[in-house]
Amino acid sequence: MALSKPTFLTHLKTLAKPHHRSPPSFITLRCLSFNTPEEAAAERRRRKRRLRIEPPLSSAQRSQQQAQQMSPPKPIQNPNAPKVPEPVTVLTGNRLNLHNKILKLIRENDLDEAALYTRHSVYSNCRPAIYTVNAVLNAQLRQSKYADLLSLHRFITLAGIAPNVITHNLIFQTYLDCKKPDTALEHYKQFTNESPVNPSPTTYRILAKGLVDNGKLEKALEMKEEMAEKGLAPDPVVYSYLMLGCARSGDSDGIFKLFEELKEKKDGVLEDGVVYGSLMKGYFMRGMDKEAMECYEETCGDNSKVKMSAVAYNYVLDALSKNGKFDEALRLFDRMKNEHSPPRRFAVNLGSFNVIADGYCAEGKFKEAMEVFRLMGDYRCSPDTLSFNNLIDQFCQNGLLAEAEELYGDMGDKGVSPDEYTYVLLMDACFKMKRIDDGASYFRKMVELGLRPNLAVYNRLVDELVKVGKVEEAKSFYDTMVKKLKMNDASYKFMMKALSDVGKLDEVLKMVDEMLDDESADFSEELQEFVKDELRKVGREDDLTKLMEEKERLKAEAKAREIEAAEAAKRSAKAAVSSLLPSKLFGNKDESQSTMASESTIDSSSGGEAPVQDGSQGPIEEATVIESVAVDTNSTSEATVADSNAVDTKPF
DNA sequence: ATAGGGTTAG
């Protein structure tokens, strides 16, 4: 039985009261809102939603409304219910043209332009359909542009473009990729409680995999149950993720339990091979190699009825190669390559080559690893950034920096973009080989490319530079990065100490000066003490007091000027209003302009802002959730001075 | 022209 959305209330079994056709919001008000704080909060959000002032209707919507008015009377719908997404049939005429234009921009890899165009269209007479928006979000996700994705999502939410299941899936994926499983779960809860859209099997694949990858196996298992509750068929792929999660946490019992459960649900016939690699791992974990190999024979042997996809094979390859059966893995890999005959049959893919390359590395056969990695092209597979990073990592760990750099060169040739992780691997490897300047070059390159090294990475860089006496150079990296990173006391202190140790106390004072000017920087008490101590060593402790007093004085002066300017602005604003001309037309750069603009206009310059005309009634809960997500795409390595898990990039 | 045919790892 497929449960449709309104029956989500069945979880209120305790109430056991059959409400058949009552309006959802009525039920929730009566029965839900006081059960738990979460439900009370959900009701508050619903109320807010009712109060929300919708952006102006585009002509498309208006005509839709007219059509509704003309159609025969329908049962009265709750006007406050969240909107149902538009069907794909709206993608015709101008809106289809817009869609295709934006797809073209995406194909040309101009995501910024695609996103901007989408935003601008919201208030044109051709509103982007949710399909168009999803296309952009999807492209942003593929390129890890999480901040842009969330920003666009927020924009369309505020603009009242109803999301469909794909939109929600993209958001789940985003939060999970950003290692924010709790935010993903929050979004899921809100989605199941409030959206008229039903989750799809893919929703649960995304959630199960993402939760497992984020170490939330328990929650992932719950998702499997939820999936069943919604009446969705048991999905071997979801089970394979869960079994993999058990394998990672050393729980062989869990693996077998899941396998038996799935088999039972499938009436004893399991022809999808995706779970067998994990099952083999379960046997191997218990030392039951014989049973593992029997399983292998049954599923991958000549008489097998099991459908082995490339991915299913890859799990088996991995199970073999990580359990002392690499030779057998190589034999299977050969068979896979022979079986491979696209487009009819895909028996190998990118992952197969990666697993085998890893297997070679584990045996110390790095030359072979490189060879098999480069063999990919012959099978129309192309490595991605992750694959390159993986192998570069293996080479670096084993002191094969030249080979790692060769691979880095291949990336450029093949048009695969290195990411933060690539550069950090190479930088650290250079440092290990005492090639400090080369390490610094990789760091510089990374920043030049607009990638965002985190604080821990920066700390390692300046640490190495200072160790070899390159304080000047370290300081120049500080100057670059202080604008891009949220530094902490330890990193400020490190730089100050380095400067002080070479007698550059004036530079230390200049750093303090700049910190005092930078509103996002915190010149803490502890840091003040530290600077004073350093100055005291050369009898200059008064210099800090003097500097800080001078700053206070300048700030007070600036404040006074500001107040005066504001008053002048008010006067001129009044004058402008009285002459019935918006001050905007004059292009004034004074405060009166921004005040007035924010109150009345759709400011075309505010591309990054939410499209709320009155500036206040948006769905605060969504905005808050999104803003609470610190998208840290580069917490790549262990922290030295600071915790790399901390959010150390400044807000976008 | 849309939820999936998945994947390996840090």
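As the structure is a prediction and not an experimental result, all values here were calculated from the model. (Residues numbered from 1 in each chain as written. Chains lettered and ligands numbered in written order. Predicted model: local features only at pLDDT ≥ 70, side-chain atom pairs only at ≥ 80, totals over all residues.)

Caption draft 1: Main features of the overall build of chain A. Across its full length, chain A holds 31 helices and zero strands. Out of the 652 residues belonging to chain A, those deemed buried represent 35%. Taking the contacts inside chain A whose residues are at least 6 apart along the sequence as the reference set, 64% of them involve residues at least 24 apart. (Helix = DSSP H or I, 4+ residues; strand = E, 2+ residues; numbered from the N terminus. Buried ≥ 20, exposed ≤ 12 C-beta atoms within 10 Å, placed from the backbone. Contact = placed C-beta atoms within 7 Å.)

Caption draft 2: Region of the structure containing the packing of helix α8 (residues 165-177) against helix α10 (residues 201-213). Here α8 crosses α10 at 5°, and the two axes come no closer than 10 Å. When the axis of α8 is compared with that of α10, the two are roughly parallel. Contacts between α8 and α10 involve V165, H168, N169, F172, Q173 and L176 from the former and T202, T203, I206, L207 and G210 from the latter. For the contact of α8 with α10, the residue count by class is five nonpolar, six polar and no charged. (Axes fitted to C-alpha atoms, helices over the stretch in contact; angles between N-to-C directions. Parallel < 35°, antiparallel > 145°, perpendicular 65-115°, else oblique. Nonpolar A, V, L, I, M, F, W, Y, C, P; charged D, E, K, R; others polar.)

Caption draft 3: View of helix α9 (residues 181-194). Here α9 spans 20 Å end to end across 14 residues, near enough to the 20 Å set by a 1.5 Å rise per residue. Residues P181, A184, L185, Y188 and F191 constitute the buried set of α9. On an axial view of α9, the arc spanned by its buried residues comes to 120°, and they lie on one face. Considering only its buried residues, α9 is in contact with α8, α10 and α11 (217-229). (Expected span 1.5 Å × (residues − 1). Arc of directions from axis to C-beta.)

Caption draft 4: Molecular detail of the environment of Y131. With respect to the helices and strands, Y131 occurs in helix α6 (residues 130-142). Residue classification places Y131 among the buried residues on the basis of 21 C-beta atoms within 10 Å. Filtering out sequence-adjacent residues up to four positions away, Y131 remains in contact with V88, L91 and H99.

Caption draft 5: Summary view of the protein's contact with DNA strand B. Neighbouring DNA strand B are 35 residues; T202, S309, G351, N354 and Y421 lie closest to it. For the surface near DNA strand B, the secondary-structure elements that each account for two or more residues are α6, α8, α10, α12 (236-248), α16 (310-321), α18 (350-362) and α20 (385-397). Among the elements that line the surface near DNA strand B, the one with the most residues is α20, at five residues. Residues that form the surface near DNA strand B fall into these classes: 16 nonpolar, 14 polar and five charged. (Near = placed C-beta within 6 Å.)

Caption draft 6: The arrangement of helix α25 (residues 471-481) in detail. Taken as a whole, α25 has its buried residues at A474, K475, F477, Y478 and M481. Each buried residue of α25 lies within a common arc of 160° when the element is viewed along its axis, so the set occupies one face. In this structure, the buried residues of α25 make contact with α24 (455-467), α26 (489-501) and α27 (505-517).

Caption draft 7: Examining unusual backbone geometry more closely. Unlike most non-glycine residues, S144 shows phi in positive territory, near 55°. For S144, the position within the fold is in the loop between α6 and α7 (146-158). The exposure class of S144 is partly exposed, given the 18 C-beta atoms found within 10 Å. Phi is positive for K179, close to 60°, though the residue is something other than glycine.

Caption draft 8: Region of the structure containing the packing of α6 against α7. Viewed as axis vectors pointing N to C, α6 and α7 meet at an angle of 160°, and their least axial separation amounts to 9 Å. Of the possible angle classes, the one that applies to α6 and α7 is roughly antiparallel. The two elements α6 and α7 cross, and the hand of that crossing is left-handed. On α7, the residues touching V133, V136, L137, Q140 and L141 of α6 are D148, L149, L152, H153 and I156. When grouped by side-chain class, the residues that make up the contact of α6 with α7 number seven nonpolar, two polar and one charged. (Left-handed = near helix turned anticlockwise from the far one by under 90°.)

Caption draft 9: Spatial organisation of the UniProt feature "repeat: PPR" (unreviewed entry) in chain A. The positions that UniProt labels "repeat: PPR" (unreviewed entry) are, in the present scheme, residues 200-234, 235-265, 309-343, 349-383, 384-418, 419-453, 454-484 and 488-518. Between the end C-alpha atoms of residues 419-453 there is a gap of 10 Å, over a span that is 74% helix and 0% strand. The span residues 488-518 is 84% helix and 0% strand, and its two end C-alpha atoms sit 14 Å from each other. (UniProt positions renumbered as here; feature names shortened; annotations may be inferred.)

Caption draft 10: Structural detail: the environment of L96. Within the secondary structure, L96 sits in helix α4 (residues 93-107). Here the alpha-carbon distance between L96 and T132, two residues 36 residues apart in the chain, equals 8.8 Å.

Caption draft 11: Local environment of the nonpolar core. Core analysis: the largest hydrophobic core is formed by 140 residues, its most contacted members being V136, A208, L242, M243, V316, V462 and M495. Sort the elements by how many residues they give to this core and helix α22 (residues 420-432) lands first, with nine residues. Setting aside chain neighbours within four positions, we find V316 in contact with Y276, G277, M280, Y296, C300 and L332. (Core = buried A, V, L, I, M, F, W, Y, C linked by C-beta atoms within 7 Å.)

Caption draft 12: Local environment of the environment of M411. Here M411 shows up in helix α21 (residues 401-414). Residue M411 is classed as buried on the basis of its 20 C-beta neighbours within 10 Å. Filtering out sequence-adjacent residues up to four positions away, M411 remains in contact with F388, V416 and P418.

Caption draft 13: Summary view of the confidence of the model for chain A. On average, residues of chain A score 80 in pLDDT, and 76% of them reach the 70 mark or higher. Within chain A, the lowest mean pLDDT, 30, falls on helix α30 (residues 591-600), and the highest, 97, falls on α25. Within the model, pLDDT remains below 50 along residues 1-75, and this stretch shows 57 contacts once partners closer than five positions in the same chain are excluded. Low pLDDT, under 50, characterises residues 581-652; the predicted model gives this stretch 132 contacts beyond four residues in sequence or across chains. (pLDDT = per-residue confidence, 0-100.)

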